[in-house]
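Here's the letter readout for the chains.
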Amino acid sequence: AKAIGRGNICSYDVDMDNEQQQRRELEHDLGHAIARGEFWLAYQPLVNARTRQTTGYEALLRWDHPRLGAVPPDRFIPLAEETGAIIPIGEWVLTEACTEAAGWPNQLSIAVNVSAVQFWIPSLVDTVRNALQISGLPAHRLELEITESVVMRDSENVVRTLDELREIGVSIVMDDFGTGFSSLSNLKSYAFDKIKIDRSFIATIDSDSSSRAIMRAIVGLGHSMNLPVVAEGVETEEQLQFVASEGCVQVQGYLFGRPAIAPAFTDLQVSAV
Ligand code: C2E
Ligand code: CA
Ligand code: CA
Ligand code: CA
């Protein structure tokens, strides 16, 4: 790569130059990050909306860049999707998360985010099978969170992949529900096991009556299709009260716990069923 000296006065926008440069640097470094041990998984609890008992955790990818420090996933995942690095990274995430969760009390589930790009290549089903086999995690404890971008393309292959995944015994969660373009028709065409309402609706529940209306509509829709509904991004008691009273069975958010290093359980907790 061409080295551009720091402090050079260029004839074009310096910010743009920096942005381009950092982007290229990140894209390049993403290719080495697994081998260099720069990734780790943070885990955020999902809790029963009524009892507040933890039912499982969502694995959230973290990247400690040697020079830039923590790079947020919203910044590097899109780059990894563009370069294809998300394929090996996604495999790493699945294996790591399943291996971690295999040591937890066995009523706890683990949710893993799967990128649309992973869905569009044929090896996803094998990757999931391998992760379960290597870790020994029972398939029913694994939930794959997918967004609507998965189902917006190539529906025949997507349906087949979803069917194969379900045959293995994992569940499929529609993440960020309500933010996509074709939400309603997707719910009908694909048999999801659960839907997660996007946190943008939860964040504005207190202030925005249309958010409350949308929330109600989504939960009602979920119920009419026998789908449990999860609310993410719950930060306050008021939000919890509202989503629970509307019928969300599970909740996730800073009110219950931020994403953090893997939870530790005593041997006693692990062996207790
Ligand atoms: P997501 O799957 O919708 O994950 C939820 C995001 O909301 C996480 O951000 C989480 O830290 C944040 N969050 C949870 N509770 C609260 C809350 O109460 N308040 C607020 N303000 N935020 C809350 P994070 O960890 O930065 O991840 C951002 C996105 O990056 C994820 O959104 C997901 O789309 C993507 N991502 C993260 N890890 C992976 C991964 O392993 N693979 C893929 N493909 N995508 C991932
Ligand atoms: Ca998610
Ligand atoms: Ca989400
Ligand atoms: Ca999101």
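Residue positions are given per chain, counted from 1 along the sequence in the order it is written. Chains carry letters and ligands carry numbers; both start at the beginning, A for chains and 1 for ligands, and go up in the order they are written. Two thresholds apply to this predicted model, a pLDDT of at least 70 for residue-level local features and 80 or more for giving and counting side-chain atom pairs, whereas whole-chain, interface and lining totals are computed over all residues. In computing side-chain properties, one takes all heavy atoms of the structure into account and sets aside hydrogens as well as water.

1. Overview of the confidence of the model for the chain
Detailed reading of the predicted coordinates is not advisable wherever pLDDT falls low.
And step 1. The quantity called pLDDT is the predictor's confidence in a given residue, expressed from 0 to 100. Overall, the predicted model of the chain reaches an average pLDDT of 90, with 92% of residues at or above 70.
And step 2. Scored by ipTM, the complex comes to 0.98, with pTM at 0.93.

2. Let's talk about the coordination of the calcium ion (ligand 3)
And step 1. Distances define the donors: N, O and S atoms within 2.8 Å of the metal qualify, as do those within 3.2 Å of Na, K or Ca. Water is excluded, so some sites may look unfinished. Here the calcium ion (ligand 3) is held by the protein donor atoms Asp-175 (OD), Asp-176 (OD), Glu-232 (OE) and Glu-232 (OE), which lie 2.2 to 2.4 Å from it.
And step 2. Mapped onto the polypeptide sequence, the residues donating to the calcium ion (ligand 3) form the spacing pattern D-D-x55-E.

3. Here's the deal with the site of ligand 1
And step 1. Residue proximity to a molecule or strand is established when one non-hydrogen atom of the residue lies within 4 Å of it. Residues in contact with ligand 1 amount to 21 residues; listed here are only the nearest, Gln-44, Leu-61, Arg-62, Glu-235 and Tyr-254.
And step 2. Here an oxygen atom of ligand 1 sits 3.2 Å away from a polar atom, N or O, in the side chain of Asp-176.
And step 3. For ligand 1, the accessible surface in isolation is 810 Å², of which the surrounding protein chains cover 85%.
And step 4. Elements supplying a minimum of two residues to the shell around ligand 1: strand S2 (54-65), helix H2 (73-83) and strand S6 (171-177).
And step 5. Helix numbers and strand numbers start at the N terminus; a helix is a DSSP run of H or I with at least 4 residues, a strand a run of E with at least 2. No other element matches S2, which puts 4 residues into the shell around ligand 1. The definition of a polar contact used here is a pair of N or O atoms within 3.5 Å, where within protein one atom must be able to donate a hydrogen and the other to accept one, and adjacent residues in sequence count solely through side-chain atom pairs. Exposure was quantified through the Shrake-Rupley algorithm and a 1.4 Å probe, taking into account, for residues, occlusion by the shown protein chains and nothing else.

4. Digging into the packing of helix H5 (residues 124-135) against helix H7 (residues 155-168)
And step 1. Whenever a helix is involved, its axis is fitted only over the stretch in contact; in every case the axis is a line through C-alpha atoms, and angles between N-to-C directions fall within 0 to 180 degrees. Interaxial distance between H5 and H7 falls to 10 Å at its minimum, and their mutual angle equals 15°. On the basis of their axis angle, the class for H5 and H7 is roughly parallel. Here H5 and H7 pass one another in a crossing that is right-handed. Contacts between H5 and H7 pair Leu-124, Val-125, Val-128, Arg-129 and Leu-132 from the former with Thr-161, Glu-164, Leu-165 and Ile-168 from the latter.
And step 2. As a working rule, the residues Ala, Val, Leu, Ile, Met, Phe, Trp, Tyr, Cys and Pro are called nonpolar, Asp, Glu, Lys and Arg charged, and the rest polar, with Gly in that last group. Classifying every residue of the contact of H5 with H7 gives 6 nonpolar, 1 polar and 2 charged. Every angle not falling under 35 degrees, over 145, or within 65 to 115 is termed oblique; those three ranges are roughly parallel, roughly antiparallel and roughly perpendicular. The crossing is said to be left-handed when, going from far helix to near helix, the turn is anticlockwise and less than a right angle, and right-handed when the turn is clockwise. Contacts are assigned to residue pairs with any non-hydrogen atoms lying within 4.5 Å of each other.

5. Observations regarding the pairing of strand S7 (residues 194-197)
And step 1. Here S7 shows a buried face lined by Lys-194 and Lys-196 and a second buried face lined by Ile-195 and Ile-197.
And step 2. The sheet contact formed by S6 and S7 spans 3 bridges and is parallel. Along S7, the bridge assignment pairs Phe-177 with Ile-197.
And step 3. In this structure, S7 lies alongside strand S8 (residues 229-231), joined through 3 bridges in parallel fashion. Each bridged residue has a counterpart across the sheet, and for Lys-196 the counterpart in S8 is Val-230. Only protein chains enter the accessibility calculation, which uses a 1.4 Å probe; a residue is then buried when its area is under 20% of its type maximum, exposed when over 50%, and partly exposed in between. The criterion for strand pairing is that DSSP finds at least two bridges linking the strands in question.

6. Digging into helix H11 (residues 237-246)
And step 1. Three or more residues of H11 are buried, namely Gln-239, Leu-240, Phe-242, Val-243 and Ala-244.
And step 2. A positive phi of about 110° marks Gly-247, the residue just after H11.

7. Regarding the coordination of the calcium ion (ligand 4)
And step 1. Bound to the calcium ion (ligand 4) are the protein donor atoms Asp-176 (OD) and Asp-176 (OD), situated 2.9 to 3.0 Å from the metal.
And step 2. The metal-metal distance between the calcium ion (ligand 4) and the calcium ion (ligand 3) is 3.6 Å, with Asp-176 serving as a donor to both.
And step 3. In this fold, Asp-176 is placed in strand S6.

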